[in-house]
Amino acid sequence: MASLRTLLARPWIWSFFGALLVWLATIAFTGGYGGGGMITAALSLAVFTVIVGVGQMFVITLGPGNVDLSLPANIGLASAVAMKVMDGNDAMIAVGLLAALACGMAIGAVNYLLIWALRIPPIIATLSASFVIQSVDISYGRGLQIKPPPGFADFTNWQVFGIPVLAILTVLFTIGAGIVLQRMIYGRSVLAIGQNIRAAWLAGVNVGRTRFLTYTLSGALGGLDGALLAGYFRGANVDIGNEYLLASIAVVVIGGTSVAGGKANVPGVWGAALFLVLLLTMLNTFGVSVGVRLVLTGLIIVGVITAAGGQKALR
Amino acid sequence: MLRSLLPALSLALVLIAIAWLNPRAISYFGFSLMLNLAIPIALATIAQMFVIAGNELDLSIGTFVGFVGCVTATWLKDAPLLGVVILLGSIGVYALLGALIHLRNLPSIVVTLGMSFVWQGMAILILPKPGGKAPDWLLALMAFKPPFIPFPIVAALLIAAVVHFGLMRTSYGVILRGSGGNSAALKRAGWSLLRTKIALFALTGLFGVLSGMALIGITTSADANIGNGYTLLSIAGVILGGGEFVGGRVSPIGAVIGALTLALAASPLLTFMHIPPDWQVAANGAILIIVLAARVLISRRER
């Protein structure tokens, strides 16, 4: 009983609870049909949101005003880079993934360079950067119709007993991210900066380096996500990352991470990502029109945020 | 001193570039054409400026402008009374959002991102396919041709003057900006922060409605996605105009100038420079970065 109470006190449990509720509602509608397949599909789609969500979580944890708006453009460009480097050749998969990662890291580094050199809010810096990246992508990826190598496409769609392998790997990755956040100097520095940047600086935290690493990490995860998305959807696309602007921020906040910074929640990102994907599946199953689906998605996001409540800033 | 002149300076720079590339563009007719879309952009920028004055951000203004556009091109023409009620109701929704954000201490970025879906969905429900038609009085208003000075410039001056007076010269304007500058002090002085937040969001809704109506008066018909680009344009316009994200430091005149700069830099300048369409978005980003870099250099010297 006591363990149940501590479990309920954890903010991330609610996002899983919401996901479960949406799943049950859908199954009730279909009469139990397709429940398992729905979880498989939700897991494979949630993976992409979780990967960028974790990057966004680290950035948001840095404190008020920190957010990476360049992720959609980053994902789009990285998907094109990965497909061009792999060029449909199985032998080039690793090289293509590395190229996408490098592309993302470069974007993250440029983001921080703008923030640091121009002393502008991260929102404007990442926004301006995303304009430029978008153009590079449009020009670079024009008419790009390279299919992913068969081995890579199979890998991103690979399932074992109905569980996508990519989802298992992503769970391991998120556990790693949790350890980095809570147990390593870098993660503790991110949390300290988010709680009070001046106090962190006085305590000897290397603020500049930590912020640089965080934006680069977010960029790298965006790049990786772009490559994986191109594999999963069998091709790169300028618009492939568009939905991840809202999704990456929403999963972080719904998952219980504080927007005021200094308080991150890794498991919540998974719960919130599953919740959002299942929600979309549910609305599709109910057969509502695009307009109604958008309105309901928006209202539910606002509703969840309102129910979860904002936290008071820590100072 | 130089810092407050920067928005005007960047506008002058863009104008000089245009005059140099294509002298014929600097005429009554040229400005009417080039600044065609400046009025809705300026209104959307002012809308964004109000929430920024309260340290918030509205990521839904673009789809809201699109929603208003769809209402304007359908109900406002066919059933004016219903149309007016819907538009007033949507301003009410904005006011409620302000109250919600304040009472529950919610992040405005997430709430407005969620709302951007709601507005877009409703726009699609109203107008599934591009179409509709602007009311005749609106068409006549937007096609107005005053003597000597092109209408967009007259309208921009008018918008800047009215908002400048309201926000910078009246005592409640000071309170509104103060809610972003030092909310704790304002609260101790006995002002209701809930009320200032509601007022700022309602003003954003009001100017969002004006922006959507002006846009449809120019384009004559609507499309659910017509305003999507305005979210980023409006934020960029406020920042170009010397506004800051925190501290209630905004400037209505600067915001209008920022919007004009963006409207000119967005396509006329780039077309004259023969920049291919692929790179026009990048050019916008680059202009933004250059202006912000100039601002850093200037404020460093002034220190």
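The model shown is predicted, which means the values in this text are computed figures rather than measured ones.

> Describe the overall build of chain A, listing the residues and the values that go with them.
When helices and strands are counted, chain A shows 14 helices and 2 strands. The C-alpha atoms of chain A give 19 Å as radius of gyration, which agrees with the globular expectation for 315 residues (20 Å, within 12%). Counting only C-alpha atoms, chain A reaches 60 × 55 × 35 Å along its principal axes. In chain A, which comprises 315 residues, the share counted as buried stands at 55%. When contacts within chain A are restricted to residue pairs at least 6 apart in sequence, those whose partners lie at least 24 apart make up 78%.

> How would you summarise helix H9 (residues 151–169) of chain B if you had to cite specific residues and measurements?
Residues and elements named next belong to chain B. With 19 residues, H9 ought to run about 27 Å at 1.5 Å a step, and its terminal C-alpha atoms sit 26 Å apart, in line with that. Regarding H9, the residues found buried are Pro152, Ala155, Ala156, Ile159, Ala160, Val163 and Leu167. Taken end-on, H9 shows its buried residues confined to a sector of 130°, consistent with a single buried face. Turned more than 90 degrees off the buried face of H9, the exposed positions are Leu158, Val162, Phe165 and Arg169. Taken together, the buried residues of H9 touch helix H2 (28–34), helix H3 (38–53), helix H10 (171–181) and helix H14 (252–266).

> How would you sum up the interface of chain A and chain B? Please name residues and give values.
Contact residues are listed per partner, giving 40 residues for chain A and 34 residues for chain B. With 13 residues, the top contributor of residues to the side of chain A that touches chain B is helix H14 (residues 290–308) of chain A. Partitioned by chemical class, the residues of the side of chain A that touches chain B number 26 nonpolar, 11 polar and 3 charged.

> Explain helix H13 (residues 266–285) of chain A to me, using residue names and the numbers behind them.
Under the 1.5 Å per step criterion, the end-to-end length of H13(A) is 29 Å for 20 residues, consistent within 8% with the ideal 28 Å. Phi turns positive one or two residues past the end of H13(A), at Gly287(A), with a value near 75°.

Reading the values: the criteria
- Residues numbered from 1 in each chain as written.
- Chains lettered and ligands numbered in written order.
- Predicted model: local features only at pLDDT ≥ 70, side-chain atom pairs only at ≥ 80, totals over all residues.
- Helix = DSSP H or I, 4+ residues; strand = E, 2+ residues; numbered from the N terminus.
- Rg over C-alpha atoms; globule rule 2.2 N^0.38 Å.
- Buried ≥ 20, exposed ≤ 12 C-beta atoms within 10 Å, placed from the backbone.
- Contact = placed C-beta atoms within 7 Å.
- Expected span 1.5 Å × (residues − 1).
- Arc of directions from axis to C-beta.
- Nonpolar A, V, L, I, M, F, W, Y, C, P; charged D, E, K, R; others polar.

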